[in-house]
Amino acid sequence: PSRIWHRGGIETSAFFPDLGDRGMLAVRGNELSAHPHIVSLFNDCGFSDRNTTDEERMACVGEKGGLAHWAHPANYVPGGRWEDRVFDTSWEEAIEHFGRFIGEHDHVIGVEVRFGSRRVREEEFIDRLLGKFYRDHDIFIVGSDDTHSTSVSEDAALTLLLAEALTEEAVRHALQNGHSFVGSRVAVYPRFNAIVVDEKARTITVDADNYDAMAWYRDGEEVAVGATVDYSGMRDAVLRFQVAVDGAIFYSQSFYID
């Protein structure tokens, strides 16, 4: 690496100029794999005991100046892979736990999604979580493949991060402020140039390239198609858009219309 970042004596990230066309910023991280799983970034937290509590693991990340998000939380609701591990198979209990925890910890930025065959359940989880908590505090989605090996599927989930530079400061800023889109691996990625909010006309317009179709969703229900949505009739609404690209879906972070 040509540069290494440190915090508290820990190497937290490094820039490798020869990896890829523009170099690569490698971020130190870990999955803290007591249930429910937590993704830990920019620090060296790790636990050999899987009986650690959420509070203990999240506190470790915060004390070391890291960022965190819940890993694949839709796995813990009814129909999920680990529905019986934590929440007694209750959607309401799981959403309450994840949402309130994010609101109480500034370094917890949101929740991971993976989609694929689970897309319908994961979309429902996101919309219900945002519908209950997004009015009170930010909750961002992060795409990840959750691969615990060196191979990655051709349609693995990922995050398109709009960082201004390949530095730790710029990447952390983008993660903490939701400057990102979540989708899957495709041959040609959508390019998001600008999002324009016209408060006089009460419209939101997305300037984007390399996509096939765009639709807008309020509380999980489609309310408009195309690059512009009229929100003049909306009150107390959580709004997001998604674009279709070569069979994949890319999701925006959400708007709150008060």
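Residues numbered from 1 in each chain as written. Predicted model: local features only at pLDDT ≥ 70, side-chain atom pairs only at ≥ 80, totals over all residues. Heavy atoms only, no water.

### Description of the packing of helix α2 (residues 91-104) against helix α3 (residues 119-133)
Basically, it comes down to this: Every axis corresponds to a line fitted to the C-alpha atoms, with the helix fit spanning only the stretch in contact, and the corresponding angles, defined between N-to-C directions, vary from 0 to 180 degrees. For the purposes of this entry, the term helix denotes a DSSP run of H or I that reaches at least four residues, the term strand denotes a run of E that reaches at least two, and both are numbered from the N terminus. When an angle is under 35 degrees it counts as roughly parallel; over 145 it counts as roughly antiparallel; between 65 and 115 it counts as roughly perpendicular; any other value is oblique. Each crossing is labelled by how the near helix is turned from the far one, with a counterclockwise turn of less than a right angle marking it left-handed and a clockwise turn marking it right-handed. Here, two residues are considered to be in contact whenever any of their heavy atoms come within 4.5 Å of each other. Put simply, Ala, Val, Leu, Ile, Met, Phe, Trp, Tyr, Cys and Pro go in the nonpolar bin, Asp, Glu, Lys and Arg in the charged bin, and everything else, Gly too, in the polar bin.
The geometry of α2 relative to α3 is characterised by a closest axis approach of 10 Å and an angle of 60° between their N-to-C directions. The angle between α2 and α3 places the two elements in the oblique class. Judged by the twist between their axes, the crossing of α2 over α3 is right-handed. Of α3, the residues touching α2 (which contributes Trp 91, Glu 92, Ile 95, Glu 96, Phe 98, Gly 99 and Arg 100) are Arg 121, Glu 124, Phe 125, Arg 128, Leu 129, Lys 132 and Phe 133. The residue inventory of the contact of α2 with α3, partitioned by class, reads six nonpolar, one polar and seven charged.

### What to know about the packing of aromatic side chains
Stated formally: Think of it this way: a Phe, Tyr or Trp ring, Trp meaning its six-membered ring, pairs with another when their centres are within 6.5 Å, and the plane angle makes it stacked under 30 degrees, edge-to-face over 60, tilted otherwise. A simple rule labels every residue: compare its accessible area, found with a 1.4 Å probe on the protein chains alone, to the largest value its type can have, and call it buried under 20%, exposed over 50%, or partly exposed in between. Here, a charge over a ring is recorded when the distance from Lys NZ or Arg CZ to the ring centre is within 6 Å and its angle to the ring normal is within 35 degrees.
This model, assessed by the stated rule, comprises 14 aromatic pairs. For the ring pair Trp 70 and Phe 98, a centre distance of 4.9 Å and an interplane angle of 70° mean the geometry is edge-to-face. With Trp 70 in strand β6 (residues 67-70) and Phe 98 in helix α2, this pair connects stretches of sequence that are 28 residues apart. On the numbers, 6.4 Å between centres and 55° between planes, the contact of Tyr 76 with Phe 98 is tilted. Placement of Tyr 76 in the loop between β6 and α2 and of Phe 98 in helix α2 is noted, with a sequence separation of 22 residues between them. Note on Tyr 76: relative accessible area 0%, which makes it buried. Take Phe 98: its relative accessible area is 0%, and that puts it in the buried class. Through pairs of rings, three or more aromatic residues link up here, namely Trp 70, Tyr 76, Trp 82, Phe 87, Trp 91, Phe 98, Phe 101 and Phe 125. Stacked on the ring of Phe 42, the Lys or Arg Arg 172 has its end atom at 5.1 Å from the ring centre.

### A look at the state of the cysteines
Applicable threshold: When two cysteine sulfur atoms lie within 2.5 Å, the pair is treated as a disulfide.
All chains considered together, the criterion is met by one disulfide. Each sulfur of the disulfide joining Cys 45 and Cys 60 lies 2.1 Å from the other. Looking along the S-S bond of the Cys 45-Cys 60 disulfide, the torsion reads about -105°, which is the left-handed sense. Of this pair, Cys 45 sits in the loop between β5 (38-41) and α1 (54-63) while Cys 60 sits in helix α1, placing them 15 residues apart in sequence.

### What to know about the sheet that holds strand β4 (residues 29-32)
Our working definition: Two strands qualify as a pair provided that DSSP identifies no fewer than 2 bridges between them.
Here five strands make up an open sheet; going across it, the order is β4-β5-β6-β7-β8 and the pairing mixed. The open sheet has two edge strands, β4 and β8 (140-143), and neither has a second partner. Neighbour to neighbour, the strand axes of the sheet diverge by 30° on average, direction disregarded. Sheet topology note: the β6/strand β7 (residues 108-113) ladder contains three bridges and is parallel. Bridge pairing links His 69 to Gly 110 in β7. Along the sheet, α2 makes contact with β6 and β7, crossing β6 at roughly 165°.

No statement about biological role is implied by the geometric values presented.
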